[in-house]
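Given next are the chains, with one letter for each unit.
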Amino acid sequence: MKARYLTTAAAAALALAGLATAANAAGKWDGGDDLATSPLECGMGPAAPAAPMKYDGGQPTNAADKAGKEIVVVDVPKLIGIGYFNATAKGIQDAAKDIGNVKAKTDGPTEAKIDEQIKFIDNYITSGVDGILFAANDPVAIAPVLKKALSKGIHVVGYDANSTPDAREWFVNQSPFNGIAKSMVDAMAKETGEDGSFAIVTSTFTTPNQARWIAEMQAYAAKCHPKLNWLETVEAQEDNNLSFNQATTLINKHGDKLKGIFGMTSVATPASAEAVTKAGQCGKVAVVGLATPNAMKPYVHSDCVKSVVLWNPIDLGYAATYVMRAAVDGKLKPGDTSVDAGKLGKLNVINGSEILLGAPYIFDKANIDKFDF
Amino acid sequence: MSVFAASPGRRVPKWLARHETLLAIILVAALAGLGAFNNRFLTVDNLLNQGRLMTEIGLIALPMTFVIITGGIDLSVGAIVGLSAVMLGYSWKTFGFPLPLAIAFALAVGGLAGFVNGFVITRVKVPPLIMTIATLALYRGLAEGVSQARSVRGYPEWFYGLGQGEWLGVPTQLLLLVVLIVIAGVALDRTTFGRTLYAIGSNETAARFSALDVDRTKVVIYTLSGLASGLAAVVLVSRVTTTRMDMGMGYELDVIAAVVLGGTSIFGGAGTIWGTVIGLVMIQLLKNGLALTGVKGDATIVVIGVALIMSTLIASSLQRRRE
C-alpha cells in the first residue's frame, strides 16, 4: 500500500520536473530579461550621442520649499551589510559632509527582498523625511511606494538600480547597461577570439541589473560578435563559496570547450578568477567581469585576468546625494542638461531623467594599482 | 473580536486565555509607549496602511493556526506564494487567459499545492515538517523553472484595486482579511471541524478511535493553507504590480512567528484565531513603531526575536503555575 503511494509520489515528482524542463526548453535559459535592448555600435569609435529625450521622471506634489535649509535624507539600498552598498553609503556620508546641510542615514533590509524594501520606504514616508534615495530590488514593484512618496511631497532620487521613470525624479546611472555590455563582450572576444565559447556566473536570474546586462550582452554579441558561443548562465547568489564552486563546475563540465567566464557580480568575478587559477587554466580560460580593483589585484598581477570592468560605487553614492540636494534646491529642474556634483564636477543628464556618472572604467595591469577600493 | 476571546475558556485550558489577555495588555502598552515617542505612529492613516502591509501574512496565518493546532506545520507557504504568483502572471501572459480566469487558476494551483502536501502527509505518513521542507524547495523550483525567473508586468488597472485600492477609506485587502478572520474564528470555535482540529492536536490516536476523520480533516487544512497562500499571492501581485518567482520568500517564518506569538502551541491542541490576530498585529506594529521611532532595521529584528522568547517564557511559566 505504502509503496504504491511512494511510486505515485515519485512519478508525480518526475512529471513536475519534466514540466519545468519543457518550460525551459521553450525559451532560452540565459538569465536575461525581456525588456528591449539597445546594443551600441561595434568597434572602437565613440558612441554616438543619443537623441535628447524629454524629461520623463515624476515630480513631488507640493514639496515644502527647503532650498538652502537642512534636509533629512534616508538611503534605502537593495540590502545592507555588503561591500558594494557599504561603499555607496560611504559616498552618501562623504557628500553630506561636503554639502553641510544634509542629514543622511542608510537603512534597509538585510536581504535583497522587494517586499521588505517596500516596507522600509513606506515607514520612512510615514516618519516624514525630506528625501529618499533608493537602489531598487525590482523596478516595477517599487514604483507604487515611490509614487506615494512623491505624492506626499518627498523628493525621490534613485541610484545603482532604477525604477520606472515616473516613480522618481532622477536616477544616477553608474554607466548605461549597453555600455557595460559592450565593454564586457569586446574584452571577451579579444581574449578568446571571435569564435570562443563562454559561460556566465551571475547572482540570481531575478536581479534586475544583472539580468539587464546579460540581455544587453546577448544583443550586442549577436550584433557584433555573432560567432561567440554562449554555453550557459549559472546562478551563484552573491556568495563567494558558491561562485567558486559554480565556476569550478563550469571548468570541469565544459573542459577544453570553455574559453572564457563572465563574472556578473563583484563577488563572482574574483571567485571565478580563483577557480581558474586553482584549476591551472590561467591563459586558457579568460575571466572578464565586474569587480572592485582591490579584489582583483592578485589575479591581474599574475596575468590570469586581463581586464576588470567597474565604476566607483563611492562616487555613485556621492553623486546621488548631490542630485538630491540640487533637486530640493530647485537647481536641477526638468529640462536641465547637467548638474554640479561637488568634487566630481559637472555630470550630464541623459535619457530624459538620468544623470550619467561616467563611462565604465576598465582596470588592467597598467592602471589597477592606482585605485584603492 | 471579543466573541473569540470569551468562548475558548470552556475547551481550552485557562492559562491560554490568560496568555492572550496578557499579550493584548502588552500590545496596548507597547503601542501607547511607541505612540508617546512618535506622533506619526498612532494615526488612522498609518494604522490602516500597516493593515494593508500585513494582509498577506495574515491571510496565511489563519489556516496556519489550524495546521499548528493539529500538531502539524506547513513550511511551504512562502514557496506556494511564489508559485501561485508566477502561475497568475504566466497563465495571463503566456497562455493568454483572461485575468479573472488567471486569478482563479493561481488560486487553484495554490490549493493543489496544499492538497499535495496534505495527501502525502496523510497517505505516505511523511511528517509534515519533512514533507513541507521538500515541497518548499519543489514549489520554489517550479516557480523558477516555469517563469525562467522572468517578471510579468503591465496588468490592467482594475486589478490593482485589490492591492492598492480602498473602500470607505479602508484598504481593500484589509476588508478581505477581516472577513476571513471572522470566518476562520467561527469555524475554529463553533463547528465540529474546529473541535476536530483540537482533538487531533491533543491526542491523534484518541481522535481516530472517536471515529473522527483525521486524514480528511488534515488534507482539508493543508489545502486551505495552500489556497490562502494563493490568495496572498494574488493580493501581493496586485499590491506591487509585478510577478517575481522570489515572491513570498521567507514568509513561512513570519507566519509561524505570528501564530506562535499568539499563543498557539507548537505541539498542537491549543490556540485561537484571536491569539493569532494579536500576534500578527503585534509584530507588524512593533516593527513599524520602532522604525518610526528611528530604530534601524537590524535592531528591529532583534526586538521581534526578544518578544518571541518573552512570549514563550510567559506561556510556559503560566502553564507551570497551572500545573
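These numbers come from a predicted model, not from an experiment.

Quick word on the overall build of chain A
Link 1 in the chain: If you tally the helices and strands in chain A, you get 10 helices and 14 strands.
Link 2 in the chain: Here chain A, with 373 residues, has 52% of them falling under the buried criterion.
Link 3 in the chain: In chain A, the proportion of contacts linking residues at least 24 apart, taken out of those at least 6 apart, comes to 76%.

Let's talk about the overall build of chain B
Link 1 in the chain: Counting its secondary structure elements, chain B contains 14 helices and four strands.
Link 2 in the chain: Relative to the 2.2 N^0.38 estimate, which gives 20 Å for 323 residues, the radius of gyration of chain B is 20 Å and therefore close to what a compact globule would have.
Link 3 in the chain: Taking the principal axes of its C-alpha atoms as reference, chain B extends roughly 60 × 55 × 35 Å.
Link 4 in the chain: Expressed as a percentage of its 323 residues, the buried residues of chain B come to 55%.
Link 5 in the chain: In chain B, once contacts between residues fewer than 6 apart in sequence are set aside, the share between residues at least 24 apart is 78%.

Points about helix H2 (residues 83–99) of chain A
Helical geometry note: an α-helix holds 3.6 residues per turn, so side chains three or four residues apart project in the same direction.
All names here are of chain A.
Link 1 in the chain: Taking 1.5 Å as the rise per residue, H2 with 17 residues should run 24 Å; its terminal C-alpha atoms sit 24 Å apart, in good agreement.
Link 2 in the chain: Every buried residue of H2 is accounted for by Tyr-84, Phe-85, Thr-88, Ala-89, Gly-91, Ile-92, Ala-95 and Ala-96. Each buried residue of H2 sits inside an arc of 150° when the element is viewed along its axis, so together they form one side.
Link 3 in the chain: For H2, the secondary structure elements touched by its buried residues are strand E1 (71–76), strand E2 (102–106), strand E3 (131–134), strand E4 (155–159) and helix H10 (313–329).
Link 4 in the chain: Phi for Gly-100, located one or two positions after H2, is positive at around 100°.

Digging into the UniProt feature "transmembrane region" (unreviewed entry) in chain B
All names here are of chain B.
Link 1 in the chain: On the UniProt side, "transmembrane region" (unreviewed entry) is annotated at positions that read residues 21–37, 57–90, 97–120, 167–188, 219–241, 253–286 and 298–318 here.
Link 2 in the chain: Along residues 219–241 one finds 96% helix and 0% strand; the C-alpha atoms at either end are 32 Å apart.
Link 3 in the chain: The distance separating the terminal C-alpha atoms of residues 253–286 is 17 Å; by composition the span is 68% helix and 0% strand.

Remarks on the sheet that holds E3 of chain A
All names here are of chain A.
Link 1 in the chain: Ordered in space as E2-E1-E3-E4-E5-E13-E12-E11, the eight strands form an open sheet in which the pairing is mixed. The open sheet terminates on both sides in strands that have one partner only, identified here as E2 and strand E11 (338–340). In this sheet, neighbouring strand axes are inclined to one another by 25° on average, regardless of whether the strands run parallel or antiparallel.
Link 2 in the chain: Examined bridge by bridge, strand E5 (residues 170–173) and strand E13 (residues 354–356) share three bridges and lie parallel to one another. Residue pairing in the sheet places Val-172 in a bridge with Ile-355 of E13.

Cut-offs applied
- Residues numbered from 1 in each chain as written.
- Chains lettered and ligands numbered in written order.
- Predicted model: local features only at pLDDT ≥ 70, side-chain atom pairs only at ≥ 80, totals over all residues.
- Helix = DSSP H or I, 4+ residues; strand = E, 2+ residues; numbered from the N terminus.
- Buried ≥ 20, exposed ≤ 12 C-beta atoms within 10 Å, placed from the backbone.
- Contact = placed C-beta atoms within 7 Å.
- Rg over C-alpha atoms; globule rule 2.2 N^0.38 Å.
- Expected span 1.5 Å × (residues − 1).
- Arc of directions from axis to C-beta.
- UniProt positions renumbered as here; feature names shortened; annotations may be inferred.
- Pairing = 2+ DSSP bridges.
- Axes fitted to C-alpha atoms, helices over the stretch in contact; angles between N-to-C directions.

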